[in-house]
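Residue-level structural notes
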Amino acid sequence: MWFHKRFDFYQMLLAQARKSEEGLKLFCDFVQHPNEALGKQVEAIENEADDLRRILIEALNRTFVTPFDREDIFALSRTIDDVIDYAKSTVEEMMLFQVQTNEHLKKMAEALYAAAQHITQAVEGLRHMPNGVQAHIIRAKKSENLMEHLYREALAELFKTSDVIAILKLREIYRHLSNAADRGDEAADILSDILVKNT
């Protein structure tokens, strides 16, 4: 009755990060060639990512001892999940609004995917900190900086058009991607905090 199951939070976070990375790879494929089949695959991966987060939260609520601050586990899980959530929202709105892809969207999707890869590698290194974690954190933040540059470039070109409807549609989609990058940057900051507290 007093036995409490031990949960591997390192592995749970890594599973989340890998699932988000998988979804962002599919998102890149979708942005290259938007179609309903790829859109549904992104949605399916996002649903699987939600399940992984739910399992982690349930585990947090059932355990007393965690390998590092439970607040950091919760926050890192949330930010990783938010990135794929924004990718799914982008897919849904591109399909709903019948938005055609462009070079700005392709470059922004690639920057998000690059950041996700480094977040995954940083999370993978947490069990044996520091183990190169900081290098991946720095690269993830560089990807976010690139994303913000691409976002501003995309807006600058968008506002040169007189098509108000196109402006409204694309501005919302660009904003989703910028928000996704912000969450990736937040994940990198949380990873950096974990590293400082535990090394």
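Just above, that's the structure.
Residues numbered from 1 in each chain as written. Predicted model: local features only at pLDDT ≥ 70, side-chain atom pairs only at ≥ 80, totals over all residues. Heavy atoms only, no water.

**With respect to the overall build of the protein chain**
- Counting secondary structure elements, the protein chain contains 6 helices and 0 strands.
- Secondary structure elements in the protein chain, listed N-terminal to C-terminal, are α-α-α-α-α-α.
- Here the protein chain has a C-alpha radius of gyration of 18 Å; the compact-globule value for 199 residues is 16 Å, and the two agree.
- The dimensions of the protein chain, computed from C-alpha atoms along their principal axes, are 65 × 35 × 20 Å.
- When the 199 residues of the protein chain are sorted by exposure, 50% land in the buried category.
- Counting contacts in the protein chain only where the partners sit at least 6 residues apart, residues at least 24 apart contribute 80% of the total.
- Accessible area for the protein chain stands at about 10,400 Å²; split by element, carbon and sulfur atoms hold 52% of it.
- Of the charged side chains in the protein chain, 25 are positive and 33 negative, and the gap between their average positions amounts to 3 Å. (Helix = DSSP H or I, 4+ residues; strand = E, 2+ residues; numbered from the N terminus. Rg over C-alpha atoms; globule rule 2.2 N^0.38 Å. Buried < 20%, exposed > 50% of the residue type's maximum accessible area, 1.4 Å probe, protein only. Contact = heavy atoms within 4.5 Å. Areas by Shrake-Rupley, 256 points an atom, 1.4 Å probe, with all protein chains shown as cover. Lys, Arg positive; Asp, Glu negative; His and termini not counted. Charge placed at Lys NZ, Arg CZ, Asp CG, Glu CD.)

**Some thoughts on the packing of helix H3 (residues 70-96) against helix H6 (residues 164-198)**
- The contact between H3 and H6 brings their axes to 9 Å, and the two run at 165 degrees. In this view, H3 runs roughly antiparallel relative to H6, as classed from their interaxial angle. The interaxial crossing formed by H3 with H6 has left-handed handedness. (Axes fitted to C-alpha atoms, helices over the stretch in contact; angles between N-to-C directions. Parallel < 35°, antiparallel > 145°, perpendicular 65-115°, else oblique. Left-handed = near helix turned anticlockwise from the far one by under 90°.)

**Re empty space enclosed by the protein**
- In this structure the tally under the stated criterion is 1 cavity of 30 Å³ or more.
- Counted as a void, the largest cavity has a volume near 150 Å³.
- Lining of the largest cavity is provided by 21 residues; of these, Val83, Ala115, Ala116, Ile119 and Gly184 occupy positions nearest its centre.
- Every element with two or more residues in the lining of the largest cavity is listed here: helix H1 (9-32), H3, helix H4 (103-124), helix H5 (133-158) and H6.
- Element by element, the count of residues in the lining of the largest cavity is highest for H4, at 6 residues.
- Class assignment for the residues of the lining of the largest cavity results in 13 nonpolar, 5 polar and 3 charged. (1 Å grid on protein atoms, 1.4 Å probe; cavity = no way out; pocket = protein on both sides within 12 Å on 5 of 7 lines; lining within 4 Å. Points joined across faces, edges and corners; volume = space filled by probe spheres on them. Nonpolar A, V, L, I, M, F, W, Y, C, P; charged D, E, K, R; others polar.)

**Overview of the nonpolar core**
- Among the nonpolar cores identified, the biggest contains 37 residues, and Leu24, Phe27, Leu105, Met108 and Tyr174 are the most heavily contacted of them.
- Of all elements in the fold, only H1, helix H2 (36-62), H3, H4, H5 and H6 reach the threshold of two or more residues within this core.
- Setting aside residues no more than four positions away along its own chain, Leu105 makes contact with Val31, Met94, Gln100, Leu170, Ile173, Tyr174 and Leu177.
- Counting residues in each nonpolar core, the second largest holds 29 residues, with Met12, Leu13, Ala122 and Val133 among its members. (Core = buried A, V, L, I, M, F, W, Y, C linked by side-chain atoms within 4.5 Å.)

**Focus: the packing of H4 against H5**
- In contact at an axis separation of 8 Å, H4 and H5 are set at 165 degrees when each is read in the N-to-C sense. Considered as vectors, H4 and H5 are oriented roughly antiparallel to each other. Handedness of the H4/H5 crossing: left-handed.
- When its residues are assigned to classes, the contact of H4 with H5 shows 15 nonpolar, 5 polar and 4 charged.

**Focus on a nonpolar patch on the surface**
- On the surface, Val164, Ile165 and Leu168 cluster together to form a nonpolar patch covering roughly 310 Å² of accessible area.
- With respect to the element layout, Ile165 can be found in helix H6.
- Accessibility expressed as a relative area gives 52% for Ile165, which makes it exposed. (Patch = residues over 30% accessible without salt bridge, like charges linked within 9 Å, V, L, I, M, F, W, Y side chains within 5 Å. Salt bridge = Lys/Arg side-chain N within 4 Å of Asp/Glu carboxyl O.)

**Details of H4**
- Helix length check: H4, at 22 residues, gives a terminal C-alpha distance of 32 Å against a target of 32 Å (1.5 Å per residue), a fit within 8%.
- Backbone nitrogen of His104 and a side-chain oxygen of the N-cap are separated by 3.0 Å at the start of H4; the cap is Asn102. (Expected span 1.5 Å × (residues − 1). Polar contact = N/O pair within 3.5 Å; in protein donor to acceptor, adjacent residues only side chain to side chain.)

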